[in-house]
Amino acid sequence: MAVQERPSVVAGPERRAQLSLFALNFFKHPRMLGSIIPSSSFLIRRLLEPVDWQRAKVIVEYGPGVGTITQEILNRLHPDATLVVIETNGDFVDYLNRTMFDPRLKVIAGSAETIEAELERLGLPAADYVVAGLPFSTMSADCRERILAGSQAALAPEGCMLIYQFSPKVSSDLHQTFSRVESAFEPINIPPARVYFCHK
């Protein structure tokens, strides 16, 4: 049976609250976000294009922010699957806990470096997909390598890490870490973004 996609448009006061919170945190932590507004629907569609929604049982998202991509994943996610989101920003963690009520969603206040420990703590198997928009280009090399290596180790044998970036700097690290890396470009986003599909 096909997974039903539900409407995902957030309108009115709730959408304004999302944008305001995101913009406020951009000015507080510009190196952590990289953009003043959330990802466009075009970028999200391209990023999630490779996902086999019938097969995916565990998906992990790093840096969900106000949940723009999170909601799109939940709209498509199998009823028996789990989405784990890991966020370092307390404002975003509070917002997600206040606005997203879905038993398949697990919101973790922490770092992407802890993915393996978090999956083990939750009693979950290896991730089928890891989705990330973290600004790898502004991280220290050590931090970037730890997150990528940990993500690769946390993936199931047929798993894939789906990444969007506003800088190509991370490309060489991806090719060193993963067995196969494909990329695409999405111009309809502010700023335009490159998408990477990294196979374990």
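Our subject in this report is the structure included herewith. (Residues numbered from 1 in each chain as written. Predicted model: local features only at pLDDT ≥ 70, side-chain atom pairs only at ≥ 80, totals over all residues. Heavy atoms only, no water.)

Overview of the overall build of the protein
Link 1 in the chain: Check the secondary structure of the protein and you find eight helices and seven strands.
Link 2 in the chain: Counting only residues that meet the buried cut, the protein has 50% of its 200 residues in that class.
Link 3 in the chain: The long-range fraction of contacts in the protein, counting pairs at least 24 apart against all pairs at least 6 apart in sequence, stands at 69%.
Link 4 in the chain: Accessible surface computed for the protein: about 9600 Å², of which carbon and sulfur atoms make up 56%. (Helix = DSSP H or I, 4+ residues; strand = E, 2+ residues; numbered from the N terminus. Buried < 20%, exposed > 50% of the residue type's maximum accessible area, 1.4 Å probe, protein only. Contact = heavy atoms within 4.5 Å. Areas by Shrake-Rupley, 256 points an atom, 1.4 Å probe, with all protein chains shown as cover.)

Points about helix H5 (residues 90–99)
Link 1 in the chain: All buried positions along H5 are accounted for by Phe92, Val93, Tyr95 and Leu96. Down the axis, H5 shows its buried residues gathered within 165° of arc, on one side only.
Link 2 in the chain: N-cap assignment for H5: the residue whose side-chain oxygen lies 2.8 Å from the backbone N of Asp91 is Asn89. (Arc of directions from axis to C-beta. Polar contact = N/O pair within 3.5 Å; in protein donor to acceptor, adjacent residues only side chain to side chain.)

Some remarks on the sheet that holds strand E5 (residues 155–165)
Link 1 in the chain: In space, the seven strands of this open sheet follow the order E3-E2-E1-E4-E5-E7-E6, with mixed pairing throughout. Strands at the two margins of the open sheet, each flanked by one partner only, are strand E3 (105–109) and strand E6 (180–186). Taking each pair of neighbouring strands and ignoring which way they run, the sheet shows an average axis angle of 15°.
Link 2 in the chain: Inspection of the sheet shows E6 paired to strand E7 (residues 193–199) by seven bridges, in the antiparallel sense. Paired with Arg180 across the two strands is His199, which belongs to E7. (Pairing = 2+ DSSP bridges. Axes fitted to C-alpha atoms, helices over the stretch in contact; angles between N-to-C directions.)

So, the packing of helix H3 (residues 41–48) against helix H4 (residues 68–76)
Link 1 in the chain: Running from N to C, H3 and H4 point in directions that differ by 50°, and their axes come no closer than 11 Å. As far as their axial angle goes, H4 and H3 are oblique. Relative to H4, the crossing made by H3 is right-handed. Counted together, Ile44, Leu47 and Leu48 of H3 and Thr68, Ile69, Glu72 and Ile73 of H4 form the full contact between these two elements.
Link 2 in the chain: Here the contact of H3 with H4 is built from residues that sort into five nonpolar, one polar and one charged. (Parallel < 35°, antiparallel > 145°, perpendicular 65-115°, else oblique. Left-handed = near helix turned anticlockwise from the far one by under 90°. Nonpolar A, V, L, I, M, F, W, Y, C, P; charged D, E, K, R; others polar.)

Considering H3
Link 1 in the chain: Buried within H3 we find Leu43, Ile44, Leu47 and Leu48. Along the long axis of H3, the arc covered by the buried residues comes to 115°, so they all point the same way.
Link 2 in the chain: Contacts from the buried residues of H3 go to H4, strand E4 (127–132), E5, E6 and E7.

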